[in-house]
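The residues making up each chain are set out below.
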Amino acid sequence: MTATVDRTDGKTADERIAPASVLRTLLARPELGSVVGALAVLAFFAFAADGFLRASSLSTVLYASSTIGIMAVPVALLMIGGEFDLSAGVLVTSSALISSMFSYQMTANTWVGVGVSLPATLAIGAFNGFVLTRTKLPSFIVTLGTFLMLTGMNLGLTKLIDGTVSTKTIGDMEGFSSARAVFASTITLGGVDFKVTILWWLGLVALASWILLRTRTGNWIFAVGGNEDAARAVGVPVARTKIGLYMGVAFGAWVSGQHLLFSFDAVQSGEGVGNELIYIIAAVIGGCLITGGYGSAVGSAVGALLFGMTSKGIVFAEWNPDWFKFFLGAMLLLATLLNAWVRKRAEATK
């Protein structure tokens, strides 16, 4: 029998067309737990660290958050699609190395290196997705293999071409200043300096949210992550969706890699190892499930913001930074438990 709800005129109506309560709406949001956690961390460091709420301090926090958030957004979409990418951290370095070495060795405009780096980085992402969908191997195995190959390639090719573990400086090459303006410049607003990566981060969050919530592709991502076989049965292009998600991670790696290069005009070949775990942590803290099919781009942004507040809050509070990993692990566990509780509450109110 169809359930009904009471109305003031004494009649009944189908509960499916009844307006949802504010509580039910909030509990249904994947990022609710991370937002609560972010407010708690903000309040904590506002009390524990002098000057944490200053505009200049918040600018530093936002910059630290954006360098993680640019990658956390596409990683979150990939996790919603039910997969991982353990090569995401070193792929950032690979993107920067390709851009730097191609520009320097070809004595070309730095924009040529940037342009070559984009399709090369996207090709690596497509390779991950192609191997995954063709072999049916777990993404953990596929991307771990890519991680090891890229780690060795980054070091081996850099030493072979440049003779050292870092690239040659490209700061005096044509096009460097304009490329830095796009990927690593500073914008001053109200006397406070903000890095351009914050705009890249917010733009990616907006784009990813639109894709997830307003497009057919977003429906495919949730369907593939929720139940791949069922999604395939109703006509969802599973292979194409997963390859596209891996290419999305590669695009984020390209943006982050160009920022890395044009911030310092040279790149260390060993950078990036371990950062893939930070991106995954930010996505999980933001509400993404390890099992896939659930999460949001906004949640990943809040997770990255939590990371930025914690890393810089410890510095502002003048605590021993050796404890940072401890706090990061504690946040991961607490966020996961909170997200699980929120989901149970949301399901109970349906």
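Residues numbered from 1 in each chain as written. Predicted model: local features only at pLDDT ≥ 70, side-chain atom pairs only at ≥ 80, totals over all residues. Heavy atoms only, no water.

(A) Spotlight on the overall build of the protein. Within the protein, the secondary structure is distributed over 14 helices and four strands. Here the protein, with 350 residues, has 46% of them falling under the buried criterion. Across the protein, every contact between residues at least 6 apart in sequence was considered, and the portion connecting residues at least 24 apart equals 74%. (Helix = DSSP H or I, 4+ residues; strand = E, 2+ residues; numbered from the N terminus. Buried < 20%, exposed > 50% of the residue type's maximum accessible area, 1.4 Å probe, protein only. Contact = heavy atoms within 4.5 Å.)

(B) Representation of the UniProt feature "transmembrane region" (unreviewed entry) in the protein in the model. Taking the numbering used here, the UniProt-annotated feature "transmembrane region" (unreviewed entry) corresponds to residues 32-53, 60-80, 111-131, 137-157, 196-213, 277-303 and 323-342. Here residues 60-80 runs as 100% helix and 0% strand, with 29 Å between its end C-alpha atoms. Span residues 196-213 is 94% helix and 0% strand, its end C-alpha atoms 26 Å apart. (UniProt positions renumbered as here; feature names shortened; annotations may be inferred.)

(C) Examining a nonpolar patch on the surface more closely. Side chains of Phe44, Trp319, Trp323, Phe326 and Phe327 sit close together on the surface and give an oily, nonpolar patch of about 530 Å² of accessible area. Following the sequence through the fold, Phe44 ends up in helix α2 (residues 32-48). Using a relative accessible area of 43% as the deciding quantity, one classes Phe44 as partly exposed. (Patch = residues over 30% accessible without salt bridge, like charges linked within 9 Å, V, L, I, M, F, W, Y side chains within 5 Å. Areas by Shrake-Rupley, 256 points an atom, 1.4 Å probe, with all protein chains shown as cover. Salt bridge = Lys/Arg side-chain N within 4 Å of Asp/Glu carboxyl O.)

(D) Layout of the pattern of salt bridges. Counted by the stated rule, this structure contains five salt bridges. One salt bridge in this structure joins Lys168 and Asp162, with 4.0 Å as the shortest N-O distance. The class for Lys168 is partly exposed, based on a relative accessible area of 30%. Asp162 gets classed as buried once you look at its relative accessible area, which sits at 8%. For the salt bridge of Arg232 with Asp229, the shortest nitrogen-to-oxygen distance reads 3.5 Å. With a gap of three residues between them, Arg232 and Asp229 both fall in helix α10 (residues 228-233), about one helical turn apart.

(E) Layout of unusual backbone geometry. The phi dihedral of Lys136 falls on the positive side, at around 65 degrees, and the residue is not glycine. On the secondary structure map, Lys136 appears in the loop between α5 (110-135) and α6 (139-162). On the basis of relative accessibility, which here comes to 59%, the residue Lys136 falls in the exposed class. Here the phi dihedral of Glu318 falls at roughly 60 degrees; this positive angle occurs in a residue that is not glycine. With respect to the helices, strands and loops of the structure, Glu318 is situated in the loop between α13 (297-316) and α14 (324-348). Exposure remark for Glu318: the relative accessible area of 73% places this residue in the exposed category.

(F) Highlighting the pairing of strand β3 (residues 186-189). Where β3 lies against strand β4 (residues 192-195), four bridges are found, and the strand directions are antiparallel. Directly across from Leu189, in β4, lies its bridge partner Val192. The hairpin turn running from β3 into β4, its antiparallel successor, is two residues long, and Gly190 in that turn takes a positive phi close to 60 degrees. (Pairing = 2+ DSSP bridges.)

(G) Spatial organisation of the environment of Met101. Relative to the helices and strands, Met101 resides in helix α4 (residues 88-105). The buried category is assigned to Met101, whose relative accessible area is 11%. In the structure, Met101 is positioned 61 residues away from Asp162 in sequence and 8.3 Å away in space, judged by C-alpha atoms. Here Met101 is in contact with Met106, Leu157, Thr158, Ile161, Asp162 and Thr167, once residues within four sequence places are set aside.

(H) A look at the packing of aromatic side chains. Enumeration over the complete set of coordinates arrives at eleven aromatic pairs. With centroids separated by 5.7 Å and ring planes inclined at 10 degrees, the aromatic side chains of Phe183 and Trp200 adopt a geometry described as stacked. Pair noted here: Phe183 is in helix α7 (residues 176-183) and Trp200 is in helix α8 (residues 197-214), with a separation of 17 residues, a long-range link. A relative accessible area of 2% means that Phe183 is categorised as buried. Judged by its relative accessible area of 23%, Trp200 is partly exposed. Measuring from centroid to centroid gives 5.7 Å for Phe251 and Trp254, while their planes differ by 35 degrees, and the two rings are tilted. Highlighted residues: Phe251 and Trp254, both in helix α11 (residues 238-264), separated by three residues, approximately one helical turn. Residue classification places Trp254 among the buried positions, given a relative accessible area of 9%. Chaining the aromatic ring pairs together yields one cluster made of Trp111, Phe176, Phe183, Trp200, Phe251, Trp254 and Phe262. Sitting over the face of the ring of Tyr63, Lys195 holds its NZ or CZ atom 5.8 Å from the ring centroid. (Phe/Tyr/Trp six-rings, centres within 6.5 Å; stacked < 30°, edge-to-face > 60°. Lys NZ or Arg CZ within 6 Å of the ring centre and 35° of its normal.)

(I) Local environment of the packing of α4 against α11. Contact geometry of α4 with α11 gives a least axis separation of 7 Å together with a crossing angle of 55 degrees. Judged on the interaxial angle alone, α11 and α4 are oblique. As α4 runs across α11, the sense of the crossing is right-handed. Here Ala88, Leu91, Val92, Ser95, Ala96, Ser99 and Ser100 of α4 come into contact with α11, specifically with Val249, Ala250, Ala253, Trp254, Ser256, Gly257, Gln258, Leu260 and Leu261. (Axes fitted to C-alpha atoms, helices over the stretch in contact; angles between N-to-C directions. Parallel < 35°, antiparallel > 145°, perpendicular 65-115°, else oblique. Left-handed = near helix turned anticlockwise from the far one by under 90°.)

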